[in-house]
Amino acid sequence: MSKSFNDIEVKALTPLQPLINYKPSHSLSIKKKNIINIMFHLLFLVFLLVNIATCELGEDGRRRGLIPAMFIFGDSLIDNGNNNNLPSFAKANYYPYGIDFDGGPTGRFSNGYTMVDEIAEQLGLPLIPAHSEASSSGEQMRFGVNYASAASGILDDTGRNFVGRIPFNQQIKNFEDTLDEITDNLGAPDVAQALAKCIFFVGMGSNDYLNNYLMPNYDTKNHYNPQQYANLLVQHYTQQLTRLYNLGGRKFVIGGVGLMGCIPSILAKSNSNVCSEEVNELILPFTNNVKSMLTNLNVNLPGSKFIYIDIKNMFQDLLTNYRQYGFSVINRGCCGIGRNRGQITCLPMQTPCPNRDQYIFWDAFHPTEAVNILFARKAFNGGTDVVYPINIHELATL
């Protein structure tokens, strides 16, 4: 039996303590460090501090970024290329992925924008680069880094069927590695000031069901009933988010899990076009636990603000009122093979549907750019029916 999420002890550091007392995981004398590496991290912090000073108005007098930077952690719903160079079956750096994205395929599991791409634009930031592409340039990292990885989960074992992926724990470690160098070279107070104004976007949990609990080659179901598994996930999730807090994060946006029983991959397993209520109900304990977890974190972590994007409610509204939103196809992918175009996901050089803006789903698992943009704008400006206790715009301006 796993612990209930209410039994988890949250160990928080005081607001300025995390980075003042933070000890890098490795200690090399500055003399032994490559001067280029030192300058890169100097530039990274300088860029963050400059962004803080100029985030209200740009040189042309127009509003610039509402925040200095955004750091992103998650799975294929928001991955933008971190799996490209991994020995992984979870990749999207080929046509027709990116067919509507300026620059073509990048590793985004979409025909165009992901949800965090649109959120970045709403915040007045440029698109946030993938960690795999940004690590060589302080200029590229100026507005944040995307650490998300397709097939990854809260649990390290999740997604092993895809071979290569970067679990949430390793994504945090990748962020920590950069922070090690910055803190070691420049001192904690400046870093703490910068990070406290940044947004940390986290979207995890889908793969812990799709590519773990629901997979026949995992024995997870034999060890946990749905509530026990939800408790296990949120036990780990709490520790991971607290770890990000202790590394300096203060403003958090947590993306909830959607209606997974309605995606083409699940629909293709039955002869009907009706959402699987069995799958949707399986996810409910996790969703409820996450909401309670965030309430607890907001109380127990001084100076923090966690907000929740209710993707489930957004999808329920969209599937019910899809015509009002301009969609016409709700039960099959735009690109894929087999029943509901969901039995095999989008293959290289496959011809997708021409009317992509009318489809809710791009492939067997992921929404189209049109849905990503719709959901991002709701999360940015919406009411408490979709994002709470405040929306992203309100969080950014705190």
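Throughout, residues of each chain are indexed from 1 in the direction in which the sequence is written. In keeping with the model being predicted, local features are shown solely for residues with a pLDDT of at least 70 and side-chain atom pairs are shown and tallied solely at 80 or more, while totals for entire chains, interfaces and linings include all residues. Side-chain metrics in this entry use all non-hydrogen atoms of the structure; hydrogen atoms and water are not considered.

Glancing now at the nonpolar core. Note on terminology: a nonpolar core comprises buried Ala, Val, Leu, Ile, Met, Phe, Trp, Tyr and Cys residues joined through side-chain atoms within 4.5 Å. For every residue, the accessible area (1.4 Å probe, protein chains only) is compared with the maximum for its type, and the residue is labelled buried under 20%, exposed over 50%, or partly exposed between those bounds. Counting 91 residues, the largest nonpolar core has M70, L123 and Y237 as the members making the most contacts within it. Note on conventions: DSSP H or I runs of at least 4 residues are helices, E runs of at least 2 residues are strands, and numbering of each starts at the N terminus. Take this core: its biggest share by element is nine residues, from helix α9 (residues 226–246). By the convention used here, residues are in contact when the closest approach between their heavy atoms is within 4.5 Å. Setting aside chain neighbours within four positions, we find M70 in contact with V116, I119, A120, L123, L125, I128, F143, G144, V145, I199 and F201. In this structure, A90, Y97, C353 and Y359 belong to the second largest nonpolar core, which totals 13 residues.

To continue, consider the state of the cysteines. Cysteine pairs can be covalently joined through their sulfur atoms, and such a bond is termed a disulfide. Here, a disulfide means two cysteine sulfur atoms that sit within 2.5 Å of each other. Tallied over the entire structure, the rule returns three disulfides. Sulfur-sulfur distance for the disulfide between C262 and C275 comes to 2.1 Å. Looking down the S-S bond of the C262 and C275 bridge, the torsion is 120 degrees, so its handedness is right-handed. Of this pair, C262 sits in the loop between β4 (251–255) and α10 (264–267) while C275 sits in the loop between α10 and α11 (277–300); the two residues are 13 residues apart in sequence, bridging distant segments of the chain. Each sulfur of the disulfide joining C334 and C353 lies 2.0 Å from the other. On the sign convention where negative means left-handed, the S-S torsion of about -110 degrees between C334 and C353 marks this disulfide as left-handed. Of the two residues, C334 is situated in the loop between β6 (329–333) and β7 (336–337) and C353 in the loop between β8 (344–345) and β9 (359–361); the sequence distance between them amounts to 19 residues.

Let us look at the pairing of β4. Counting buried positions along β4 gives five out of five residues, so the element sits mostly inside the fold. Residues of β4 alternate between two faces, with K251, V253 and G255 on one and F252 and I254 on the opposite face, all of them buried. Following DSSP output, two strands are said to pair if at least two bridges run between them. Relative to β4, strand β3 (residues 199–203) runs parallel, the two being bridged by four bridges. Residue pairing across strands places V202 opposite I254, the latter belonging to β4.

Here we take up the packing of aromatic side chains. Working definition: rings of Phe, Tyr and Trp (its six-membered ring) pair if their centres are within 6.5 Å, and the pair is stacked with planes under 30 degrees apart, edge-to-face with planes over 60 apart, and tilted otherwise. Inspection of the entire model under this criterion finds 24 aromatic pairs. A ring has a charge above it when a Lys NZ or an Arg CZ is no more than 6 Å from the ring centre and no more than 35 degrees off the ring normal. One Lys or Arg, R160, reaches over the ring of Y218 and ends 3.9 Å from the middle of that ring. Directly above the ring of Y245 sits R250, whose terminal nitrogen or CZ lies 3.9 Å from the centroid.

This part covers the sheet that holds β4. Spatially, the six strands line up as an open sheet ordered β2-β1-β3-β4-β5-β10, and their pairing is mixed. Each having just a single partner strand, β2 (144–146) and β10 (387–388) make up the two edges of the open sheet. When strand β1 (residues 70–74) meets β2, the two strands line up parallel, connected through three bridges. Paired with I72 across the strands is N146, a residue of β2. Here the axes come from fitting lines to C-alpha atoms, over the contacting stretch only for helices, and the angles between their N-to-C directions go from 0 to 180 degrees. Taken strand by strand, helix α3 (residues 115–122) contacts β1, β2, β3 and β5 (305–309), and its axis lies near 165 degrees from that of β1.

A few words now on helix α12 (residues 311–320). Residues lying three or four places apart along an α-helix face the same way, a consequence of the helix completing one turn every 3.6 residues. The complete set of buried residues in α12 reads I311, M314, F315, L318 and L319. The buried residues of α12 occupy one face: seen down the axis, they fall within an arc of 125 degrees. Contacts from the buried residues of α12 go to α3, β5, β6, β9 and α13 (369–381). Note that the arc is computed from the directions linking the helix axis to the C-beta atoms.

Each residue carries a pLDDT value, the predictor's own confidence for that position, ranging from 0 to 100. Scored by pLDDT, the protein has a mean of 88; 81% of the residues are at 70 or more. Every residue in residues 1–6 is under pLDDT 50, and counting partners more than four places away or in other chains gives 15 contacts. In this model, residues 13–33 is a region of pLDDT below 50 whose contacts with residues beyond four sequence positions or in other chains number 40 contacts.

Once that is clear, we can look at a nonpolar patch on the surface. Grouping into patches uses exposed residues only, defined as over 30% relative accessible area, and leaves out salt-bridged ones; the cut-off is 9 Å for like charges and 5 Å for nonpolar side chains (Val, Leu, Ile, Met, Phe, Trp, Tyr). Accessible surface is estimated by sampling points in the Shrake-Rupley manner with a 1.4 Å probe; for residues, cover comes only from the protein chains shown. Should a side-chain nitrogen of Lys or Arg be within 4 Å of a carboxyl oxygen of Asp or Glu, the pair is scored as a salt bridge. On the surface, I337, I344 and L347 cluster together into a nonpolar patch covering about 220 Å² of accessible area. Position of I344 among the secondary structure elements: in strand β8.

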